[in-house]
Amino acid sequence: MGKLKHFDLDSDGNLVKVTKLFINNATYEIEQQKTPDNFEVDTLIAKSISLLNKKGYKTVSSNSGHVYKYFLNQWPYDEENLQTDEEGNKFIYIGYLCDSEGNGLGVKYQLVQEDSDDYKEFVAKNPEAKLGFQKVESLTFFKGVFRVTFPYTKVNIEFDKPYTFSILPAEWHNDKNGIMHLINFSFQTLNYRELEQRIIEENEKLLQWVEELPDLKN
């Protein structure tokens, strides 16, 4: 499995790589540029992370949630089983996840073209990978590189240790040493703008909750 790549939307609705801000290790103020004395966070969650640390709730990692994310993986397939989405990409659904209401959500595998940067990156990092036409005894099939996309995104924070909170933001949950909110969606009805709005609303809800937390330093 390759490294997860995350994307947000620009003002025109195009997918772009996520934007980052930085938190100073000593003052926990938000900074614009990366230095040896700060750590990066997603832009949407930066205010919450800054304030949490100022109040004494030390964070280890965080994620603001993103409209699109994927990792690269090789997978066998049959041409006849591939579907085509509205953008002309060939894909298949592999397995299912269940949302909170028990509905099955397909994991999308989008076939990567051999002339794409993703394909070249995968081959460079996995030179032993056997791709293309395959024959195993009497079976013949293809093995390709796919973008693997799960039908959910998470807004979450991990702390340095367990903290006891009397209340969490609505529909948020404890998650080991942290808190999280899961946003499920279906690829068949996915609208990036609507998903973006849900992510923004959860980050606003989170910030309001953080602002009301007691200061552990007082």
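Report on the accompanying structure. Numbers given for residues are sequential positions, taken from 1 along each chain in its written order. Two thresholds apply to this predicted model, a pLDDT of at least 70 for residue-level local features and 80 or more for giving and counting side-chain atom pairs, whereas whole-chain, interface and lining totals are computed over all residues. Where side-chain values are given, they derive from all heavy atoms of the structure, hydrogens and water being excluded.

### Concerning the overall build of the protein chain
Alright, step 1. Within the protein chain, the regular secondary structure consists of three helices and 15 strands.
Alright, step 2. Its C-alpha atoms give the protein chain principal-axis dimensions of about 70 × 40 × 35 Å.
Alright, step 3. Using a 1.4 Å probe on the protein chains alone, a residue whose accessible area is under 20% of its type maximum counts as buried, one over 50% counts as exposed, and one in between counts as partly exposed. Every one of the 218 residues in the protein chain was classed for burial, and the buried ones make up 39%.
Alright, step 4. Contact criterion: two residues are considered in contact whenever any of their non-hydrogen atoms come within 4.5 Å of each other. The contacts in the protein chain between residues at least 6 apart in sequence include a share of 60% that link residues at least 24 apart.
Alright, step 5. When the accessible area of the protein chain is evaluated, it comes to approximately 13200 Å², of which 48% is carbon and sulfur surface.
Alright, step 6. Counting 25 positive and 35 negative side-chain charges, the protein chain places the centres of these two groups 5 Å from one another. Here a helix means four or more residues in a row that DSSP labels H or I, a strand means two or more in a row labelled E, and each is numbered from the N terminus. Computed by Shrake-Rupley with a 1.4 Å probe, the accessible areas treat only the displayed protein chains as cover when residues are assessed. For the charge count, each Lys or Arg is scored as positive and each Asp or Glu as negative, with His and the chain ends excluded. Charged side chains are reduced to one point each, which is NZ for Lys, CZ for Arg, CG for Asp and CD for Glu.

### A few points about the sheet that holds strand S6 (residues 59-63)
Alright, step 1. Strands were regarded as paired on the criterion that DSSP finds at least two bridges between them. Spatial ordering of the open sheet is given by S6-S13-S15-S14, a layout of four strands whose pairing is antiparallel. Looking at the sheet topology across the chains shown, the edges are occupied by S6 and strand S14 (173-175). Averaged over all pairs of adjacent strands, the angle between strand axes in this sheet comes to 25°, irrespective of strand direction.
Alright, step 2. One ladder, built from seven bridges, connects strand S13 (residues 152-159) with strand S15 (residues 178-184); its direction is antiparallel. Bridge pairing links Tyr152 to Asn184 in S15. Throughout, an axis means a line fitted to C-alpha atoms (over the contacting stretch in the case of helices), and angles, computed between N-to-C directions, take values from 0 to 180 degrees.

### Side note on unusual backbone geometry
Alright, step 1. A positive phi angle, close to 65°, is found at Tyr28, a residue other than glycine.
Alright, step 2. One non-glycine residue with positive phi stands out, namely Glu137, at about 55°.
Alright, step 3. Looking at the element boundaries, Glu137 is found in the loop between strand S11 (132-136) and strand S12 (139-149).

### Considerations on the packing of aromatic side chains
Alright, step 1. Within 6.5 Å between ring centres, the rings of Phe, Tyr and Trp (the latter by its six-membered ring) count as paired, and their orientation is classed by plane angle as stacked under 30 degrees, edge-to-face over 60, tilted in between. What the rule picks out here adds up to 20 aromatic pairs.
Alright, step 2. Considering the side-chain rings of Tyr57 and Tyr163, the 5.4 Å spacing of their centres and the 65° angle between planes classify their relative orientation as edge-to-face. On the criterion of sequence distance, the pair formed by Tyr57 in the loop between helix H1 (46-54) and S6 and Tyr163 in the loop between S13 and S14 is long-range, its members being 106 residues apart.
Alright, step 3. The class for Tyr57 is buried, based on a relative accessible area of 3%.

### Things to note about the pattern of salt bridges
Alright, step 1. Every case where a carboxyl oxygen of Asp or Glu lies within 4 Å of a side-chain nitrogen of Lys or Arg is listed as a salt bridge. All told, the structure shown has ten salt bridges when counted by the stated rule.
Alright, step 2. Notably, a salt bridge pairs Glu196 with Arg193, separated by 2.7 Å at the nearest N-O pair. Separated by three residues within a single helix, Glu196 and Arg193 lie in helix H3 (residues 192-212), roughly one turn from each other.
Alright, step 3. Here Lys205 ties to Glu202 by a salt bridge, and the two come within 3.1 Å at their closest N and O atoms. Taken together, the residues span about one helical turn, with Lys205 and Glu202 both in helix H3 at a distance of three residues.

### A closer look at H1
Alright, step 1. Burial in H1 covers these residues: Ala46, Ser48, Ile49, Ser50, Leu52 and Asn53.
Alright, step 2. Contact partners of the buried residues in H1: strand S3 (20-24), strand S4 (30-31), strand S5 (38-42), S6, S13 and H3.
Alright, step 3. Just past H1, the residue Gly56 takes up positive phi, approximately 100°.

### Observations regarding the nonpolar core
Alright, step 1. By convention a nonpolar core is built from buried Ala, Val, Leu, Ile, Met, Phe, Trp, Tyr and Cys residues, the set being connected through side-chain atoms within 4.5 Å. By size, the foremost hydrophobic cluster in this structure holds 37 residues, and its most contacted members are Leu52, Ile157, Phe159, Phe165, Ile179, Leu206 and Trp209.
Alright, step 2. Counting only elements with at least two residues in this core, the list comes to strand S1 (5-9), S3, H1, strand S7 (68-77), helix H2 (117-125), S13, S15 and H3.
Alright, step 3. When residues of this core are assigned to their parent elements, the largest contribution, five residues, is made by H3.
Alright, step 4. Those residues in contact with Leu206, other than ones at most four positions away along the chain, are Ile45, Ser48, Ile157, Pro169, Trp172 and Ile179.
Alright, step 5. With nine residues, the next largest nonpolar core counts Phe71, Tyr77, Ile92 and Tyr109 among its residues.

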